[in-house]
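The primary structure of each chain is shown beneath.
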Amino acid sequence: MLKKFLPNEHVKSIFEIKPSLLKEKGIKGIITDLDNTLVAWDVRSATPEVIEWFQSMKDHDIKVTIISNNKEERVKFFSEPLGSPYVFSARKPLRRAFKKAAVEMGLEREEIVVIGDQLLTDVLGGNSAGLYTILVVPIVETDEKITRINRTIERRILRYFRKKGKITWEEK
């Protein structure tokens with residue numbers, strides 16, 4: 001059961017994820033979390049760097065869909081200026097939102113990567129849907145209340161994986 005929490009990769013930020021590397025792996029689509037993955041959870045709009053990252057993916061024909069457990073107003077306000085499809089109130093880690101995004105992109109599971117900052121929502125949901133998962137370091141250390149609870153559980157899971165030699169990266 002714990003293997004569902006193990007990401008395929010770990011990077012410090014989305015900016016380490018380059019279109020050329022994704023293309024080499026046959027990736028044609030990204031399902032990404034929003035809060036603390038693309039921008040801090042309390043930042044409403046994309047930063048110039050995030051806009052450039054989205055444009056780089058688009059220039060390489062890599063589709064990007066944002067899925068978030070947040071409300072429609074938040075996700076729509078962020079996603080629309082980027083021209084990115086989105087799923088709000090996704091109820092991650094349930095597979096439904098991941099599958100919906102994959103169908104809307106018209107891609108197969110092996111052509112999609114899930115990027116997120118949480119084991120309990122993004123990685124578990126992506127792995128449960130049979131997708132490749134990349135865990136990023138959260139942009140900021142502050143979180144909403146429910147996420148703080150998740151982070152405590154995540155630290156225990158990561159300690160277990162580290163002890164078993166399943167991960168080699170260090171926490172912040």
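Worth saying up front: this structure is predicted, and the values here are computed from it rather than measured.

Quick notes on the rules
Residues numbered from 1 in each chain as written. Predicted model: local features only at pLDDT ≥ 70, side-chain atom pairs only at ≥ 80, totals over all residues. Heavy atoms only, no water. Salt bridge = Lys/Arg side-chain N within 4 Å of Asp/Glu carboxyl O. Helix = DSSP H or I, 4+ residues; strand = E, 2+ residues; numbered from the N terminus. Buried < 20%, exposed > 50% of the residue type's maximum accessible area, 1.4 Å probe, protein only. Expected span 1.5 Å × (residues − 1). Arc of directions from axis to C-beta. Contact = heavy atoms within 4.5 Å.

Chemist: I tried to follow the pattern of salt bridges on my own but got confused; where do I start?
Modeler: A side chain with one charge may pair with a side chain of the opposite charge, provided their charged atoms come close. Considering all chains together, one arrives at 7 salt bridges under this definition. Residue Glu9 pairs with Lys25 through a salt bridge whose shortest N-O separation is 2.2 Å. A residue pair is termed long-range when its members are at least 10 positions apart, and Glu9 in strand β1 (residues 9–11) and Lys25 in the loop between α1 (19–24) and β2 (29–32) qualify at 16 residues. Classification of Lys25 as partly exposed rests on a relative accessible area of 43%. Salt-bridge contacts for Lys92 lead to Asp122; the nearest nitrogen and oxygen are separated by 2.7 Å. Of the two residues, Lys92 is situated in the loop between β4 (86–87) and α4 (96–105) and Asp122 in helix α5 (residues 119–128); the sequence distance between them amounts to 30 residues.

Chemist: Can you walk me through helix α2 (residues 48–59) in this structure?
Modeler: Helical geometry: 3.6 residues make up each α-helical turn, so side chains three or four residues apart lie on a common side. Compared with an ideal rise of 1.5 Å per residue, which puts 12 residues at 16 Å, α2 spans 16 Å between its outermost C-alpha atoms and is within 8% of the ideal. All of the buried residues in α2 are Val50, Trp53, Phe54 and Met57. Burial along α2 is one-sided: seen end-on, the buried residues are contained in an arc of 95°. Along α2, exposed side chains directed more than 90 degrees from the buried face belong to Pro48, Glu52, Lys58 and Asp59.

Chemist: Teacher, can you tell me more about α4 here?
Modeler: Within the sequence span of α4, burial applies to Ala97, Phe98, Ala101, Ala102 and Met105. Around the axis of α4, the buried residues are gathered within 135° of arc, so they sit on the same side. Of the exposed residues in α4, the ones pointing more than 90 degrees away from its buried face are Val103 and Glu104. Taken together, the buried residues of α4 touch β2, β3 (63–67), β4, β5 (112–116) and α5. Backbone geometry just after α4 places Gly106 at a positive phi near 70°.

Don't take any of this as a statement about function, it's just geometry.
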